[in-house]
Amino acid sequence: MRKNFYHIGMLAVAALAFYACEKENNIDNNVEVTHYATISLGKADGTKTMVVEGQDGASYKWNDDDDKYLRVTENGTVGTIESFSLSADKTIATLTVSFTGTPEAPYTYEAKYAGSFSNNGNPKLSAEQTPLSNTFDPSADVLFSKAITSENSRLNELSFTMGRVVTVNKMTLTGLEAGEVISKVEFTLDKVVNGSTSITYHSDSNSYNYSGTKKLTFNYDSTTGVVPADGKFPVYFTAAPVIDAPIISVIVTTDKNVYTKSTSCTPNPFDGKTISFAIGTMKRFNMAMDGYGKTISSGTVYTLVQSQNDLYSGATYIIYGSGHVLGEQKTNNRAAVEVTTENNTITIDSTIPAYPVIIEAVTGGFSIKDINNDGYLYNSNTGKNYLHNRSDLGDDNYTTWTISIDSGVAHINNVGNTARGIMGYNPNNGSPLFAAYGTIPNGGTSDLALYIDLTTAVPDTRAEAGLSWSTDNASASIEDGDIIQFTAPTLSNPNGVSGITYESTETSVATVSAGEVTVLAAGTTTIKAIFAGDTDYKPQTVSYTLTVTDNRTPVATTIADALGAPGTYEVPNVAVYAVKGNALILGDASGKIYAYKSSHSLSVGDVRTVSGSTIWYNSGDVYEFDSPNFSGSGTTTINHGTVVEFADNAATLQTETGFASTGSGAAHTAVYVHAIGDQSGRSITTSNGKVLYLSANESATDGKTVEVYGYIYAYSASHTNFNFLATSIEEYVDPNAKSITALKSSISGVSADGVTNASESGVYSLTNASDSDVTVTPDGTVVTAASISGGALTYTVAANTGSARSGSVTLAVTGGNSISVTISQLAGAGSSNPQTYVDVLTASCFAATSTTYTNFSGKTPGGDNPSSAVYAGNSAKTNSGGIQLRSKNSNSGIVTTTSGGKVKSVKITVESGSNTVDIYGKNSAYTGASDLYSSSTQGTKIGSTSSTGTITVTGDYEYIGIRSYSGALYLTSIEITWEN
C-alpha cells in the first residue's frame with residue numbers, strides 16, 4: 001500500500017483546506033493501515049509561532065496527555081506526532097502525524113498554539129483580554145482550531161475548515177438587543193484567579209500582573225462588540241488557569257444598558273455553570289441576559305442628598321468630591337472619575353466608569369457596598385491612607401462608617417480606624433483618588449457629597465429617634481478666678497437609643513466627652529449629639545450653639561505680670577523692641593514677651609497699649625501674646641540693653657537670660673543676644689552646637705559666619721535649640737585676624753623700556769600684620785623683582801619692545817589672605833598700536849554692602865587690564881550682588897575723578913528691569929555724582945540704553961559719568977574701554 005501525505009495550511013487566512021493524493025483503487029477499506037498527515041501551522045499576521053521565547057531553534061514541547069496542542073484522532077484514538085520543524089523565519093511550524101485506522105472511518109483534527117510561552121513550554125493565558133478587530137483573538141495567546149469531524153468516510157475526500165478561535169472556553173450571551181455595542185464583559189468567580197501568583201499577560205503589547213483577583217474582564221470596541229441580529233453574542237476566553245470556578249456574577253456593559261446577573265437572581269442562572277480554565281479544555285454554555293438582574297439605562301440620574309433625613313438604607317449612591325466620583329479599585333485606594341453636576345444632579349452613562357455603592361444601616365453606622373466589585377469599602381487597621389474593597393462585612397468595624405450630612409455636605413468616617421478614617425478626595429498631582437486619611441492632603445477635601453438613584457430609594461420605615469436639646473442656643477462665661485458659669489442644655493432621649501456620640505466644632509472654645517462639656521476660651525462652637533441609627537430608629541444629629549465670653553478682669557499692668565500665668569491682660573506703655581513679619585518682641589521696664597499678630601503695621605519704637613490672652617508658646621513653658629489688640633499711639637527710642645553673648649555653656653546662658661528650668665512656669669524674659677554661627681535657611685548653628693531657629697529666612701547669609709543680634713523667645717527642653725527673632729545679621733569679621741587689603745589693585749602706564757627700582761605708594765594696608773608677615777611674589781616675566789615697605793611697592797619691570805602687556809605681583813600674608821597687584825606696561829619701540837585698557841566695574845569695586853545707598857570715592861576698577869582711572873559716586877548693592885543706581889535725591893551715579901585715557905566704549909550688562917542708563921562724557925574731572933544732575937557740570941550725553949549692550953563713543957572724552965535717567969537701575973557690571 002502506498003503512504004498518503006496530507007497538508008493543512010494556516011498562514012494567510014483562517015479558512016483552510018485539506019489536500020490528499022489520489023487513493024489507490026485496490027485498497028481494502030476494512031483493513032487497518034497507517035496514515036501520515038503533514039500539517040503546517042502559522043499565524044495569519046505572520047508573526048512567530050511555536051517558538052519558546054529566548055531559545056532560538058528550540059523544539060516545541062508537545063504534551064503527552066489529552067491536553068496536547070495538536071491532535072489527529074480516529075474514532076477517539078489520538079495520532080502520533082512523528083516529526084516537527086520550524087521555517088527559517090520561525091513563522092511556520094510543520095508537523096508529520098501518523099495514525100492507524102481504516103480509510104472509511106471518521107477523523108477529527110485539532111490544532112492550537114500559543115503566542116508566548118512560559119519556561120516549561122506552556123502557553124501564558126490572559127486574565128484580561130481585548131479581542132482584535134477581525135477575530136475573537138484576545139492577544140493571540142492561544143490559537144485553538146476547533147475539532148472538525150470528517151463529513152464522509154473517505155479519507156482522500158476529507159475537507160474541513162480550520163476555525164481560528166482563541167479560546168479554551170466559550171459562553172454565548174443571549175437576549176441582547178441587536179446592534180448594541182458591548183464594551184465590557186466581566187465575570188466574578190468564587191475563587192481567586194491563580195491563587196496569589198501573578199500572571200503575566202499581553203493584551204495590548206504591554207506586560208501586566210493579574211493576581212489575587214476573582215474578576216475576569218473581556219474588553220470590546222465598536223468593531224468587535226456589536227451584537228448580531230439574533231441577539232446572541234459569543235464570548236471566547238482563555239483567561240487564567242483556574243479549574244472549575246463557579247460564576248458568582250456576570251456584568252455586560254453596552255452603549256445602551258448594563259446587564260447584571262448574580263447568584264441572588266431567582267431562578268439562579270448559574271446553577272451548574274462553572275468555568276474551567278484547564279489548558280486544552282473546551283467548555284461551552286449559554287447565558288440568557290434578558291429577564292434577570294438589573295438593567296440600568298445609559299442615563300441614570302443621581303440626585304444630591306441634602307440632609308441626613310434623605311439617607312435611605314439600601315439605596316444606590318455615588319460618592320462625590322470636588323468634581324469627581326468614586327471609581328475602580330486601585331492597589332491601595334480608589335480612582336476618582338471626573339463628572340459634571342447640573343442642578344444638584346449627576347447623570348451617569350456607560351461611558352463614565354463610576355462605581356455606584358449601596359449604603360445600608362448597620363450597628364454603629366453604615367456599610368458601603370461596592371456594586372461593581374461585589375464587596376464592601378473598608379479602611380484596614382494600618383497607619384496608611386488606604387481605601388480597599390473586601391467581600392464580607394466582618395466583625396472588626398473596618399467596614400462600618402459614620403455618615404453625617406448637612407446642607408448637602410457629607411462627612412464619611414471609618415469606625416474601625418479612627419486615626420486614618422476620614423474619607424476624602426485627593427487631587428494627587430493630576431491623578432485624583434479617594435482614600436481614608438488622618439489629615440486631608442493639600443488641595444483635597446473631606447467635604448464629600450452623596451448622590452442617590454431615587455429609583456432605588458426605599459422609604460425608611462424605622463421610627464424617628466426623637467433626640468432634642470432643651471435649647472438651640474446656650475451661653476457660658478469665664479469669670480475672675482477662672483470660674484466657669486455654664487448651665488449645659490439637656491438632651492432629651494425619649495426612646496432610649498444608645499451609641500450616641502458627641503462633637504464640638506471648635507475645640508479651642510469647648511470640648512465634649514461622653515456628653516460633658518468643658519469650657520476653655522472665649523468664642524463660639526456648635527455642640528452636636530450624633531446618633532448613627534440602628535435597626536429600630538433612624539439616624540439623627542441634633543445640635544446647639546454655645547457662645548463663651550471671657551469676663552475676667554485684666555489684672556496685668558506690666559509685662560512681668562503677663563509672663564506670670566496664662567490669662568487675659570491689658571498692659572499700657574508697651575514698646576515694640578523687634579519686628580520680623582508677624583513676630584514681635586514687646587517690652588516695658590519689667591520685661592519682654594513674644595507676640596504673634598498677623599497683618600499689623602507696627603515698627604520698632606512704637607508704643608502701644610496691648611490687650612489680649614497669653615498662652616504657652618508651642619505648648620512649652622514660655623508665655624506669648626497670641627493675636628493681641630493694640631491701641632493708642634506714640635514712639636520711643638529703643639535701648640536693647642546689655643548684649644549677652646551666646647555662651648558655650650547652656651546653663652550660663654540660662655542664668656544670664658533669666659531662663660528657668662523647663663516646666664517651672666516662671667517668667668521668661670526674652671533678651672538681646674550675640675551669637676556667631678553658620679547660617680543655613682532659617683537656622684544658625686554655633687561652633688559649640690547650639691542652634692538658633694530664626695523667625696524668618698535670612699538666606700542672604702547662607703554659608704557665612706555671621707554676627708546675629710536679636711531676642712530668644714523659646715527653646716527646647718535640652719536648652720540646645722533656641723527660637724530667635726533676629727534684628728540684625730551681619731557677616732562676621734574676626735578683629736584679630738591678619739589681613740592685607742588692596743588700596744590700589746593696578747598700576748598703569750609703566751615705561752616700555754623697563755623700570756628699575758620704581759616705587760608706587762599707598763598700594764596696600766595691613767591689619768594685625770607687619771611687612772615681615774608678607775611674602776612678595778613677582779610674575780618673573782613682566783615684573784622681575786618686587787618688595788614692600790609701609791604701604792609702598794617697589795618693583796622692577798623688564799624692557800619691552802613689542803606690544804603693551806601686563807604683569808603682576810602677589811602679596812600674601814602668613815596665616816591670612818593674599819592680593820594681586822597688576823602692573824601694565826606700555827607698548828615698546830616698533831609698535832604703533834595705542835595702549836587699550838578695560839575697566840570692569842562691579843558692586844565690589846564700590847562701598848555699598850546692602851541695598852542701602854552709600855557714597856564712595858578713590859575707587860579703582862577691576863578687570864585683567866584696568867586703566868589708571870579713579871572712580872567716585874553713590875550706589876547700592878542689589879540682592880543678587882549687582883550695582884544699584886537711582887535717580888532721586890540727585891546724588892546717585894558713577895563718575896571718574898582721574899582719567900584713564902580716552903573713552904572708546906561703554907558696555908552695560910543689565911541684571912533686571914528696563915529703566916534707561918544715561919552715559920555722559922567731558923574733558924574735565926568730575927567732583928562727584930551730583931555733577932550729573934546739573935546741566936553745567938554733567939557734560940555731554942554720549943549714549944543711552946535700557947538693555948544689555950555696548951555704546952561706542954565717537955568723540956574724545958577723558959572723563960565719564962553714568963546715572964539713571966529715571967527710576968532704579970539693576971546692573972550686573974559696567975565695562976569701560978580706554979585708549980592711552
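Refer to the structure presented above.
Quick caveat: nothing in here was measured; it's all calculated off a predicted structure.

**Student:** Before we move on, can you summarise the sheet that holds strand β41 (residues 501–504) with the specific residues and values?
**Tutor:** Judged by pairing direction, the sheet is mixed, and its 5 strands sit side by side in the order β39-β38-β45-β44-β41 without closing on themselves. Looking at the sheet topology across the chains shown, the edges are occupied by β39 (483–486) and β41. Averaged over all neighbouring strand pairs, the angle between strand axes comes to 20 degrees, with direction disregarded. Of the strand pairs in this sheet, strand β44 (residues 523–531) and strand β45 (residues 540–550) are connected by 9 bridges, and their pairing is antiparallel. By the bridge assignment for β45, T525 is matched with L546.

**Student:** Tell me what's going on with the side chain of D773, and back it up with residues and numbers.
**Tutor:** Looking at where D773 falls in the secondary structure, it is placed in the loop between β61 (764–767) and β62 (774–778). Residue D773 is classed as buried on the basis of its relative accessible area, which comes to 18%. Apart from residues lying up to four places away in sequence, D773 is in contact with K738, A812, V813 and T814.

**Student:** Which residues make up the sheet that holds strand β63 (residues 783–789), and what are the values?
**Tutor:** Judged by pairing direction, the sheet is antiparallel, and its 3 strands sit side by side in the order β60-β64-β63 without closing on themselves. On the outer flanks of this sheet lie β60 (755–760) and β63, each paired with one strand and no other. For this sheet, the mean inter-axis angle between neighbouring strands, taken without regard to orientation, is 20 degrees. Here β60 pairs with strand β64 (residues 792–797) via 4 bridges, running antiparallel. Looking across to β64, one finds that V755 is bridged to V797.

**Student:** Any chance you could break down the nonpolar core for me, citing the residues and the numbers?
**Tutor:** One finds F846, Y871, I883, I894, I919, I974 and I976 to be the most contacted residues of the largest nonpolar core, which totals 26 residues. If you list the elements that add at least two residues to this core, you get β71 (883–885), β73 (902–912), β74 (917–922), β77 (959–964) and β78 (969–979). The element contributing the most residues to this core is β78, with 5 residues. Apart from the residues within four sequence positions on either side, I974 is in contact with D839, V840, L841, I883, I894, V906, K907, I908 and I962. Membership of the second largest hydrophobic core comes to 25 residues, among which are I359, F366, I405 and M423.

**Student:** Account for the packing of aromatic side chains, naming residues and giving values.
**Tutor:** Scanning all chains against the criterion turns up 5 aromatic pairs. Taken together, a centroid distance of 5.5 Å and an interplanar angle of 65 degrees make the contact between Y320 and Y451 edge-to-face. Placement of the pair is Y320 in strand β24 (residues 315–321) and Y451 in strand β36 (residues 449–452), with a sequence separation of 131 residues. With respect to burial, Y320 and Y451 carry one shared label: buried. With centroids separated by 4.4 Å and ring planes inclined at 20 degrees, the aromatic side chains of F846 and F856 adopt a geometry described as stacked.

**Student:** Give me the pattern of salt bridges: which residues, what numbers.
**Tutor:** Enumeration according to the criterion identifies 11 salt bridges in this entry. Note that D550 is salt-bridged to R552, the shortest N-O span being 2.7 Å. One salt-bridge network, held together by shared partners, links D482, D550 and R552.

Parameters at a glance
Residues numbered from 1 in each chain as written. Predicted model: local features only at pLDDT ≥ 70, side-chain atom pairs only at ≥ 80, totals over all residues. Heavy atoms only, no water. Pairing = 2+ DSSP bridges. Helix = DSSP H or I, 4+ residues; strand = E, 2+ residues; numbered from the N terminus. Axes fitted to C-alpha atoms, helices over the stretch in contact; angles between N-to-C directions. Buried < 20%, exposed > 50% of the residue type's maximum accessible area, 1.4 Å probe, protein only. Contact = heavy atoms within 4.5 Å. Core = buried A, V, L, I, M, F, W, Y, C linked by side-chain atoms within 4.5 Å. Phe/Tyr/Trp six-rings, centres within 6.5 Å; stacked < 30°, edge-to-face > 60°. Salt bridge = Lys/Arg side-chain N within 4 Å of Asp/Glu carboxyl O.

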